[in-house]
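Chain residues, written in single-letter form:
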Amino acid sequence: IGDQQAATVGQACFRPGQAKSTYGTGCFLLKNTGTTVVHSTSGLLSTPCYKIGAQATVYALEGAIANAGNVVQCLRDNFGLIRSAPEIEEVAGSVPDTGG
C-alpha cells in the first residue's frame with residue numbers, strides 16, 4: 001500500500017463508488033469498491049486501499065498514467081515550448097480535441 005492509497009484516506013474517500021484523482025509526476029485515479037475485490041476487464045488494478053482498526057479491508061480499482069506532470073516539466077525545461085507550467089492549460093485549450 002502506498003501514497004495513492006494514503007491519499008484516498010486523506011481525501012476522505014470512504015464510501016464505495018467514491019473516487020479520487022492525484023496528479024504529480026504521474027496521474028492516478030482510485031475508485032473505492034468497498035470490501036469487495038472488483039476484477040477489472042479494462043486493465044485497471046484491483047488493490048487493497050485501506051484498513052482501519054478491526055474493520056474489514058477496503059479495496060479499490062486503480063488506474064495510473066506514469067507520465068503526467070513530468071511531461072509538462074519536459075515541455076518547459078527540455079523543449080522550451082512553454083515558459084511556465086500553468087501555460088500548458090492555454091496550449092491544451094487551443095485544440096478542439098486530442099485526436100485520439
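Source: prediction; values computed, not measured. (Residues numbered from 1 in each chain as written. Predicted model: local features only at pLDDT ≥ 70, side-chain atom pairs only at ≥ 80, totals over all residues. Heavy atoms only, no water.)

A word on the pairing of strand 4 (residues 58–65). Pairing geometry for strand 2 (residues 27–34) and strand 4, over seven bridges, is antiparallel. Residue pairing in the sheet places Phe-28 in a bridge with Ala-64 of strand 4. Where strand 3 (residues 45–50) lies against strand 4, five bridges are found, and the strand directions are antiparallel. Its bridge partner being in strand 4, Thr-47 is matched across the sheet by Ala-60. (Pairing = 2+ DSSP bridges. Helix = DSSP H or I, 4+ residues; strand = E, 2+ residues; numbered from the N terminus.)

Pairing between the strands of a sheet comes from backbone hydrogen bonds, and it takes one of two forms, parallel or antiparallel. With antiparallel pairing, four strands are arranged side by side in an open sheet as 1-2-4-3. Edge positions in the sheet fall to strand 1 (19–23) and strand 3, since each has one partner strand and no second. Each neighbouring strand pair of the sheet contributes to a mean axis angle of 30°, computed without reference to strand direction. (Axes fitted to C-alpha atoms, helices over the stretch in contact; angles between N-to-C directions.)

It is worth spelling out the packing of aromatic side chains at this point. Each aromatic ring pair is characterised by the separation of its centres together with the angle its planes make. According to the stated counting rule, one finds one aromatic pair in the structure shown. When the ring of Phe-14 is compared with that of Tyr-50, the centres are 5.6 Å apart and the planes differ by 85°; the resulting orientation is edge-to-face. Pair noted here: Phe-14 is in the loop between helix 1 (3–10) and strand 1 and Tyr-50 is in strand 3, with a separation of 36 residues, a long-range link. By relative accessible area, Phe-14 is classed as partly exposed at 38%. A residue is classified by how much of its surface remains accessible, and Tyr-50, at 8% relative accessible area, is buried. (Phe/Tyr/Trp six-rings, centres within 6.5 Å; stacked < 30°, edge-to-face > 60°. Buried < 20%, exposed > 50% of the residue type's maximum accessible area, 1.4 Å probe, protein only.)

These values are about where atoms sit, not about what they do.
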